[in-house]
Amino acid sequence: MARMKFLCDAERCIECNGCVTACKNEHEVPWGVNRRRVVTLNDGLPGEKSISVACMHCSDAPCMAVCPVDCFYKTSEGVVLHDKDLCIGCGYCFYACPFGAPQFPQDGAFGMRGKMDKCTFCAGGPEKDHSADEFKKYGRNRLAEGKLPACAEMCSTKALLGGDSDVIADIYRNRVLKRGKGSEVWGWGTAYGKPEKGATPPAGAKS
Amino acid sequence: MMTKPGITVSRWIDAVLEKNELIDQDSNLKAVVYWGHAPNSQNRGKEMVEAMKKLEMLVVIDPYPSATAAMAAMARKDGVYLLPAATQLECAGSATASNRSIQWREKVIEPMFESRTDHMIMYQLAQKFGFAKELTAKIKVVKGKGGMDEPDMEDTLREINRGVWTIGYTGQSPERLQAHMRNMHVFDVKTLRAKGGKDAKTGYVLDGDYFGLPWPCYGNSALKHPGSPNLYDTSKHMMDGGGNFRANFGVEKDGVNLLAEDGSHSKGADLTTGYPELDHVLLKKLGWWDELTEDEKKLAEGKNWKTDLSGGQIRVFMKNHGCHPFGNAKARAVVWNFPDAVPLHREPLYSPRADLIDKYPTHADQKNRWRLPVLFKTVQDANKDAGKQFPLIMTSGRLVEYEGGGDETRSNPWLAELQQEMFVEINPKDANDRGVRNNEYVWVSTPAPSKPRIKVKTLVTERVAPGTVFLPFHFAGWWEGEDMKKYYPDGSAPVVRGEAVNTATTYGYDIVTMMQETKTTICQVAKA
C-alpha cells in the first residue's frame, strides 16, 4: 500500500500562494481558517526561502497522541484524519503539532474554538465518500476520486509534491542530483522520522 | 479629425481639463467609456476625479462596478452609466495568452443577472451608431442572451484571421484551435509541439503544430504554419516556426546596410543573404511568380505579403523556399526616429537629487503629441527642490495575489484573504527615522499640485533599500483615508478595499509611448 506524503522543495517555491488558493477553493474553507500556508524565511534578504506548510500526516502523529477524545485516525495510506463529531475543540492538538496545522473556526475563552479543522490530504473524513456531510465538514475527497491533493496538483513550479512517498522521493532525488544542491527536505525528519520499510528518503533528508 | 492619431488612454484627463486652445482637436473630451479598464492603474488619481466631474457622460462596462464607478459616484450625482459585462466564464471565444498562444474557450454558464457579453454590447453600440451591418458584414449574427442578437464568435475570429497578416494572426482558425483543445495530450510539455496525433472529430492532423499556434502563425490556415514558440529563431526552418529579424526600417541607413549579412538566415532558406520584405515585384524578380495558382495570381498582382488576401505570396515564399515574408534584416539598436536614438539617463521629473538635474535634464516641453501638450522641463524645474520635503523615492508595482486595478481579484475571497490591507514597503532605517513600526498606519504624501495623501499600513522590510518605498497598485476603494464603500452599489463593493497608490502619483509621461509615469516619483511618509 502506498504511503502518502507531502514534500516542499524550498529551492523551487516562489511564494505565489497558488497552493493556498487551490485548497481554499477546493474545500470552500472559510475566511480565517488556513489548512495550508506559505512561510517565507529571511524575507527580502539574500538567501530568502519559502515553503508551503500544512498537516504533514506524520508517521507518529503527536496530535493523535494527545487528543483526549481520540478523534484522530490514520488511513491505510498513512493519511491522518479526524472525526469532527467527536472533536471537543480543546486545542491540545494545536499545541502538540510541530507544523501549526490544526485550525479553529473561532476564538474565545472556555473552549469556544469550535471543531478543529485541518488539511485532509484531500481525503475527506469518516462520512461516506462524496456525501454532502463529508464535503461540509472536511471538503472534497479527491483521493477517493483517484486524484492527488489540489495544492500539489496546482503548484506552478512543482515545488510542492504530494502523493506516494516512493514516487515523490524519486522525483526529488533526481532533482537534487541534477542541480547539485538543495538536498535538505524541510520537515521530513520531524514528520516521518526514520524511513519506513520500503520507503527511501531523498539524499540528505534532515529535520 | 478621424484620420489624425488619437489621444492616448493615459492622457484622457488632460483631454478633458486642458485649455481648449492648446489641444489639437475641436472640442475637449466630453464622454469616456471605461471598458474593462482600471482607473487606479493610471497616475494623477486626484486630478482624474476633477476630470470625471467635468465630463458630460461616463460609461463603465465591466463585470464589477469597479473603482471608476465608485470614484464617479463620489464626484457626481448623474451622467454615469454602469453596463454589467459577462465574465470569461459566461462566453465562448478565442483568448490569447502572453506567450502569444491562443486557446478556444467554451462557455461554462449563461451570462448571469443583467450582464451581456462584450461582443453583444459592442454590436448594440454599433447598431446605435448605425454601422452594425458593416461591423458584421462577414460575421454571422446569432441569438445570444434573452434572444438578443450578437456576433458569432467563430466568425469573429475568422474576421481577424482574414485581416491580420502582418503579425501572423491569420493561421489560427477556430477549427485548428478547437482541435488543439480536444487533444492537449499530444503536445510535448517542454517543446509545446505535437508529436503525431489526429483529431477524432475532424480528422485534423495535429503533428508538428505548437500548442495554441502562438502568433506569428503565418499564411491562411490551409498553409498549416505551426506557429512560432520563439521569435527570430534561425535554427529552425520557417515552416517549423523558425524566423529571423524583420526588414522594417528600410534597406540602408547613412550608407550602412540594414539587411542581414551573407550567411545569416533561417534554416533551409533558399535566399542565404539579407532581403527586403516580400511583394509581387520581388517574387517575379526571383522567378517564383509562376508557383502561384491562377486564382492566387489575380489577388496577388500589385500587392505585397501584407495586402495579398490570397495568402499565395506567403505560401510560395515560406513553404517552397523557406524565406521570411517580412524580409531578413539586422536587429536595430539605434532607433533614429526616437528622441533618444540610444537610451539616455534623464533624471525623473520629480527627483530627490536636485544635483543631477543639470547633468541629466529631461526633455523640452512638447507642444503637441497625440493632440495634447506634454510638459517635461517645466515640471522638472518647478520641482527641483521638492526632494527636501519629499525625500523618499516612491515606486509602485504588482502583487502576485491581485491583477491590474484589482476590482475582480479583491472581490474573490480566496485571494482577498491573502492581502487584506494596502501597504507601503519601507526600509527599517526609514521607518525608525520616522518613528513608525511595522503594521502601523502612515500617511504617504507626494508633491502633486493637488496635494494628495493616502493612508496605508507599513510593511517594514529589507525588500526595499533605504531611501526607497514601494506600494502595490491593485488597491482602490479608499480615498485619502476614507472608506468608499458607500459609493459602490449595495453589496457590490470588493471584499478588500484600500488606498489606490495612483491617487497620489505625480505628472509624467514617456515621450514616445505616453505611458504614464507610475514607477518614479517622490514622497514623504509620516505616522498617521
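Residues numbered from 1 in each chain as written. Chains lettered and ligands numbered in written order. Predicted model: local features only at pLDDT ≥ 70, side-chain atom pairs only at ≥ 80, totals over all residues.

Draft legend 1. Representation of the overall build of chain B within the structure. Looking only at helices and strands, one finds 15 helices and 20 strands in chain B. For the C-alpha atoms alone, the extent of chain B along its principal axes is close to 75 × 65 × 50 Å. Counted over contacts in chain B with a minimum sequence separation of 6, partners at least 24 positions apart contribute 62%. (Helix = DSSP H or I, 4+ residues; strand = E, 2+ residues; numbered from the N terminus. Contact = placed C-beta atoms within 7 Å.)

Draft legend 2. Layout of the environment of B:Y488. Residue and element names in this part refer to chain B. Relative to the assigned elements, Y488 resides in the loop between β18 (482-483) and β19 (498-499). A residue is classified by how many C-beta atoms lie within 10 Å of it, and Y488, with 20 of them, is buried. Separated by 13 residues in the primary sequence, Y488 and F475 have C-alpha atoms spaced 15 Å apart. When residues no more than four places from it in sequence are discounted, the contact partners of Y488 are P65, A69, A70 and A493. (Buried ≥ 20, exposed ≤ 12 C-beta atoms within 10 Å, placed from the backbone.)

Draft legend 3. Fine view of the interface of chain B and chain A. At the interface, 10 residues of chain B touch 10 residues of chain A. Counted by class, the side of chain B that touches chain A contains five nonpolar, one polar and four charged residues. (Nonpolar A, V, L, I, M, F, W, Y, C, P; charged D, E, K, R; others polar.)

Draft legend 4. Region of the structure containing the pairing of strand β1 (residues 31-35) of chain B. Residue and element names in this part refer to chain B. Only one face of β1 is buried: it carries V32 and Y34, and the other face, with A31, V33 and W35, is open. Pairing of β1 with strand β2 (residues 57-62), which is carried by five bridges, proceeds in the parallel orientation. Within the sheet, the bridge partner assigned to V32 lies in β2 and is L58. (Pairing = 2+ DSSP bridges.)

Draft legend 5. Inspection of unusual backbone geometry at higher detail. Note the cis peptide between B:W215 and B:P216, where omega equals 0 degrees. Phi at A:N42 is positive, roughly 55 degrees, even though this residue is not glycine. Along the chain, the position of A:N42 falls in the loop between β2 (36-41) and β3 (49-54). Even without a glycine there, the phi angle at B:D254 is positive, about 50 degrees. Among the secondary structure elements, B:D254 is positioned in the loop between β8 (252-253) and β9 (256-257). Using a count of 6 C-beta atoms within 10 Å as the deciding quantity, one classes B:D254 as exposed.

Draft legend 6. Looking closely at helix α6 (residues 165-179) of chain A. All names here are of chain A. The terminal C-alpha atoms of α6 lie 21 Å apart, and with 15 residues this matches the ideal 21 Å at 1.5 Å per residue to within 8%. Within the sequence span of α6, burial applies to S165, I168, A169 and Y172. Down the axis of α6, the sector holding all buried residues measures 100 degrees, keeping them to one side. Turned more than 90 degrees from where α6 packs its buried face, V167, N174, L177 and K178 sit exposed. Just downstream of α6, G180 is the residue with a positive phi angle, here 70 degrees. (Expected span 1.5 Å × (residues − 1). Arc of directions from axis to C-beta.)

Draft legend 7. Up close: the sheet that holds β1(B). Residues and elements named next belong to chain B. Taken in spatial order, the three strands make up an open sheet running β1-β2-β3, and their pairing is parallel. For this open sheet the edge positions go to β1 and β3 (80-84), each flanked by a neighbour on one side alone. The average undirected angle you get between the axes of adjacent strands in this sheet is 15 degrees. Strand contacts of helix α3 (residues 66-75): β1, β2 and β3, with the helix running at about 150 degrees to β2, the strand carrying the most contacts. (Axes fitted to C-alpha atoms, helices over the stretch in contact; angles between N-to-C directions.)

Draft legend 8. Representation of the domain arrangement of chain B within the structure. In terms of domains, chain B is made up of domain 1 (101-227), domain 2 (252-320) and domain 3 (354-527). A straight line from the C-alpha centre of domain 1 of chain B to that of domain 3 of chain B covers 39 Å. (Domains from an automatic or database assignment.)

Draft legend 9. A look at the packing of helix α2 (residues 45-54) of chain B against α3(B). Residue and element names in this part refer to chain B. Interaxial distance between α2 and α3 falls to 9 Å at its minimum, and their mutual angle equals 70 degrees. Judged by the angle between their axes, α2 and α3 are roughly perpendicular. With respect to the hand of their crossing, α2 and α3 are arranged in right-handed fashion. Between α2 and α3, the contacting residues are V49, M52 and K53 on the first element and M71, A72 and A75 on the second. For the contact of α2 with α3, a count of residues per class yields five nonpolar, no polar and one charged. (Parallel < 35°, antiparallel > 145°, perpendicular 65-115°, else oblique. Left-handed = near helix turned anticlockwise from the far one by under 90°.)

Draft legend 10. Representation of the nonpolar core. Core analysis: the biggest nonpolar cluster contains 61 residues, and B:V424 and B:V469 have the highest contact counts within it. In terms of residues, this core owes the most to one element, α3(B), which gives five residues. Look past the residues within four positions of B:V469 in its chain and what remains in contact with it is B:L392, B:M394, B:V424, B:E425, B:I426, B:V464, B:C523 and B:V525. Counting residues in each nonpolar core, the second largest holds 53 residues, with A:C19, A:C58, A:V79 and A:A101 among its members. (Core = buried A, V, L, I, M, F, W, Y, C linked by C-beta atoms within 7 Å.)

Draft legend 11. Representation of the sheet that holds strand β17 (residues 477-479) of chain B. Residues and elements named next belong to chain B. Here we have three strands laid out as an open sheet, ordered β18-β17-β19, and mixed in their pairing. Looking at the sheet topology across the chains shown, the edges are occupied by β18 and β19. Here β17 runs beside β19; their pairing, made up of two bridges, is parallel. The residue bridging G477 from the neighbouring strand is G498, located in β19.

Draft legend 12. Highlighting helix α4 (residues 118-129) of chain B. A rise of 1.5 Å per residue sets the reference length of α4(B), with its 12 residues, at 16 Å; its end C-alpha atoms lie 17 Å apart and thus fit the reference within 8%. Following α4(B) by one or two positions, B:G130 has its phi on the positive side, about 90 degrees.

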